[in-house]
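Chain by chain, the residues:
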Amino acid sequence: MKIELLVSDWCQSCHQAEKIWREVVEEKDVEFAVLDMSQPEGKALVSQLRLKTIPALVIDGELKGIGVQSLAEARSLVEAAPSKAKSDMQHAGISLSTDNRYFAIASMIYLMLSGMGLIINGALLSDGPARPVALHLFTVGFVLSLIYALGAHMLPRFTGNPIQMGKWPWAQMGLLHLGLLGYVAGYLVGLHVIIVAGGVFIWLSLFVFSLRIWPVLWPKASNNDSKIIDLVSQ
Amino acid sequence: MHKRNRIFITISLIYGMLGGLIALTRLIDPNLIPGNVPRAHGHIMLLGFFLMFIYGVGLHVLPRFSGFPLYSERMANWQLYSANAGLPIMVAGWLAMINWLVLIGGIVSYAAIVMFGVNMLLTVKAKGPGR
């Protein structure tokens with residue numbers, strides 16, 4: 001069964017429709033495509049079915065619904081499709097997932113913390129012993145957190161492949177914060193062992209992120225379950 | 001997503017972990033790796049991890065968001081080769097404390113930066129009818 005949901009980023013109800021359908025396709029073994037009406041694939045569908053309203057639901061090439069279906073309605077439309085085995089692998093939606101929102105929020109907080117050097121020292125990075133603190137609050141806290149947030153959101157959408165969710169993003173987040181705060185505290189109190197432990201935790205968070213991103217970039221050839229094609233994946 | 005862009009992102013993750021390991025090794029035993037380790041770590045993270053991640057994502061999204069195809073696929077391919085030739089040469093130069101090697105690596109890395117910059121400018125730039 002092939003389900004196509006025609007949406008647009010500016011359409012508020014499309015986000016709701018996509019959220020419901022993503023929940024349903026996690027339960028059923030179906031092919032699911034989210035198409036933006038401004039992109040070539042979406043335009044082709046609009047032209048083919050002469051659609052005038054979004055969100056529009058197309059199942060196996062036939063228009064099956066306009067607007068937002070309830071969860072029960074959506075489930076009944078795919079009733080015939082076989083159930084899917086439970087997995088931590090999930091597709092990304094239009095909106096940021098909760099973990100990615102927290103990574104983005106953390107990134108901004110670390111940016112403001114690292115920027116305090118401008119007031120304290122008159123420069124982002126001082127030449128004093130606290131230099132590694134400001135440097136890593138900026139690079140690890142701000143830049144790396146932002147890469148985590150955007151990478152885990154965009155790369156599954158660009159490739160159309162699912163990403164490892166469940167406990168993994170939270171482990172990555174815990175390791176990052178524990179590591180960075182440990183690293184900073186270690187420098188501020190002058191405890192080398194805490195600095196090293198902080199560095200190890202930061203590295204482990206990057207390792208977890210890499211493990212999550214790897215199958216997004218290089219999926220197994222046999223992985224053809226519930227393929228999602230996004231507007232920017234082509 | 002184009003294979004080259006996926007390679008950029010994959011290599012960026014590898015550089016990220018490698019750069020982190022070098023820093024950790026330095027923290028544990030400052031004498032284990034010779035040469036200018038902090039500078040090598042800094043450039044592996046900035047040019048290897050952050051910039052290559054941006055290369056991979058940027059080459060994918062900027063043409064799409066601007067609504068036009070990438071100006072030159074060939075230039076982007078050479079950017080990949082150049083970025084990945086320049087950085088190891090630079091790092092080798094710092095670890096071996098050979099300045100001319102650092103300079104060569106820097107020039108090759110900069111060539112990749114220029115190729116990316118020019119390619120993006122010509123992709124995003126509005127010119128002619130329909131642009």
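Analysis parameters
Residues numbered from 1 in each chain as written. Chains lettered and ligands numbered in written order. Predicted model: local features only at pLDDT ≥ 70, side-chain atom pairs only at ≥ 80, totals over all residues. Heavy atoms only, no water. Helix = DSSP H or I, 4+ residues; strand = E, 2+ residues; numbered from the N terminus. Contact = heavy atoms within 4.5 Å. Areas by Shrake-Rupley, 256 points an atom, 1.4 Å probe, with all protein chains shown as cover. Buried < 20%, exposed > 50% of the residue type's maximum accessible area, 1.4 Å probe, protein only. Pairing = 2+ DSSP bridges. Domains from an automatic or database assignment. Disulfide = S-S within 2.5 Å. UniProt positions renumbered as here; feature names shortened; annotations may be inferred. Axes fitted to C-alpha atoms, helices over the stretch in contact; angles between N-to-C directions. Parallel < 35°, antiparallel > 145°, perpendicular 65-115°, else oblique. Left-handed = near helix turned anticlockwise from the far one by under 90°. Nonpolar A, V, L, I, M, F, W, Y, C, P; charged D, E, K, R; others polar. Buried area = accessible area lost by both parts, 1.4 Å probe. Salt bridge = Lys/Arg side-chain N within 4 Å of Asp/Glu carboxyl O. Polar contact = N/O pair within 3.5 Å; in protein donor to acceptor, adjacent residues only side chain to side chain. Phe/Tyr/Trp six-rings, centres within 6.5 Å; stacked < 30°, edge-to-face > 60°.

Let us look at the overall build of chain B. For chain B, the count of helices and strands is 4 helices and 0 strands. When the helices and strands of chain B are read in sequence order from the N terminus, they spell out α-α-α-α. Taking the principal axes of its C-alpha atoms as reference, chain B extends roughly 60 × 25 × 20 Å. Restricting the contact set of chain B to residue pairs at least 6 apart, pairs at least 24 apart contribute 75%. Of the roughly 6400 Å² that chain B leaves accessible, carbon and sulfur atoms contribute 72%.

Moving on to the pairing of strand β3 (residues 56–59) of chain A. All names here are of chain A. Taking every second residue as pointing to the same face, both faces of β3 are buried, with Ala56 and Val58 on one and Leu57 and Ile59 on the other. The pairing of strand β1 (residues 2–7) with β3 spans 4 bridges and is classified as antiparallel. When the sheet's bridge partners are listed, Glu4 is paired in β3 with Val58. Relative to strand β4 (residues 62–66), β3 runs antiparallel, the two being bridged by 4 bridges. Bridging from a neighbouring strand, Ala56 pairs with Ile66 of β4.

Along its sequence, chain A is carved into domain 1 (2–86) and domain 2 (98–217). Centre-to-centre separation of domain 1 of chain A and domain 2 of chain A, based on C-alpha positions: 36 Å.

Glancing now at the state of the cysteines. In protein structure, a disulfide is the covalent linkage between the sulfur atoms of two cysteines. Residue and element names in this part refer to chain A. Enumeration over the complete set of coordinates arrives at 1 disulfide over all chains. Covalent S-S linkage joins Cys11 and Cys14, the inter-sulfur distance amounting to 2.2 Å. Between Cys11 and Cys14, the disulfide has an S-S torsion of 90° and is therefore right-handed. The pair Cys11 / Cys14 is uniform in exposure class, with both members buried.

Residue and element names in this part refer to chain A. Under the present numbering, the feature "transmembrane region" (unreviewed entry) in UniProt falls on residues 102–121, 133–155, 175–195 and 201–218. From the first C-alpha to the last, residues 133–155 spans 30 Å; its make-up is 100% helix and 0% strand. Helix makes up 94% of residues 201–218 and strand 0%, whereas the separation of the span's terminal C-alpha atoms amounts to 26 Å.

The next point concerns the packing of helix α6 (residues 131–159) of chain A against helix α8 (residues 192–217) of chain A. Residue and element names in this part refer to chain A. Interhelical geometry of α6 versus α8 gives an angle of 15° and a closest axis separation of 10 Å. With respect to α8, the axis of α6 lies roughly parallel. Viewed along their axes, α6 and α8 form a crossing whose handedness is left-handed. Of the residues in α8, those touching α6 at Val140, Leu144, Ile147, Tyr148, Gly151, Ala152, Leu155, Pro156 and Thr159 are Ile202, Ser205, Leu206, Phe209, Arg212, Ile213 and Val216. Taken together, the residues of the contact of α6 with α8 sort by class into 12 nonpolar, 3 polar and 1 charged.

On to the interface of chain B and chain A. The interface of chain B with chain A comprises 24 residues on the first partner and 28 residues on the second. Carbon and sulfur atoms make up 81% of the area that chain B and chain A hide from each other, which totals about 2300 Å². Linking chain B with chain A are 0 salt bridges, by the criterion used here. Where chain B packs against chain A, one counts 4 residue pairs in polar contact (both at pLDDT 80 or more). For the side of chain B that touches chain A, the secondary-structure elements that each account for two or more residues are α1 (3–28) and α2 (37–66) of chain B. With 14 residues, α1(B) is the single largest residue contributor to the side of chain B that touches chain A. In terms of residue class, the side of chain B that touches chain A is made up of 16 nonpolar, 5 polar and 3 charged.

Counted under the stated rule, the structure contains 6 salt bridges over all chains. Residue A:Glu27 pairs with A:Arg75 through a salt bridge whose shortest N-O separation is 2.6 Å. Of this pair, A:Glu27 sits in the loop between α1 (12–25) and β2 (31–36) while A:Arg75 sits in helix α3 (residues 71–77), and the two are 48 residues apart along the sequence. Given a relative accessible area of 34%, A:Arg75 falls into the partly exposed group. Of the charged contacts, one joins B:Arg4 and B:Glu73 as a salt bridge, the two residues approaching to 2.8 Å between their closest N and O atoms. Taken as a pair, B:Arg4 in helix α1 and B:Glu73 in helix α3 (residues 73–96) lie far apart in primary sequence, 69 residues in all.

Time to look at the packing of aromatic side chains. Under the counting rule described, the total for this entry stands at 10 aromatic pairs over all chains. Ring pairing ties together the aromatic residues A:Phe103, A:Tyr148 and A:Phe209, which thus form one cluster.

Our focus in this paragraph is the environment of B:Ile113. Residues and elements named next belong to chain B. Looking at the secondary structure, you find Ile113 in helix α4 (residues 99–124). Classification of Ile113 as partly exposed rests on a relative accessible area of 33%. In this structure the C-alpha to C-alpha distance between Ile113 and Leu51, which are 62 residues apart in sequence, comes to 9.1 Å. Ignoring any residue separated from it by four or fewer positions in sequence, one finds Ile113 in contact with Leu47, Leu51 and Tyr55.

Residues and elements named next belong to chain B. UniProt records the feature "transmembrane region" (unreviewed entry) at residues 7–28, 40–62, 83–101 and 107–124, using the numbering of this structure. Measuring from the first to the last C-alpha atom of residues 40–62 gives 30 Å, for a span that is 100% helix and 0% strand. Secondary structure content for residues 83–101 is 89% helix and 0% strand, and the end C-alpha separation is 15 Å.

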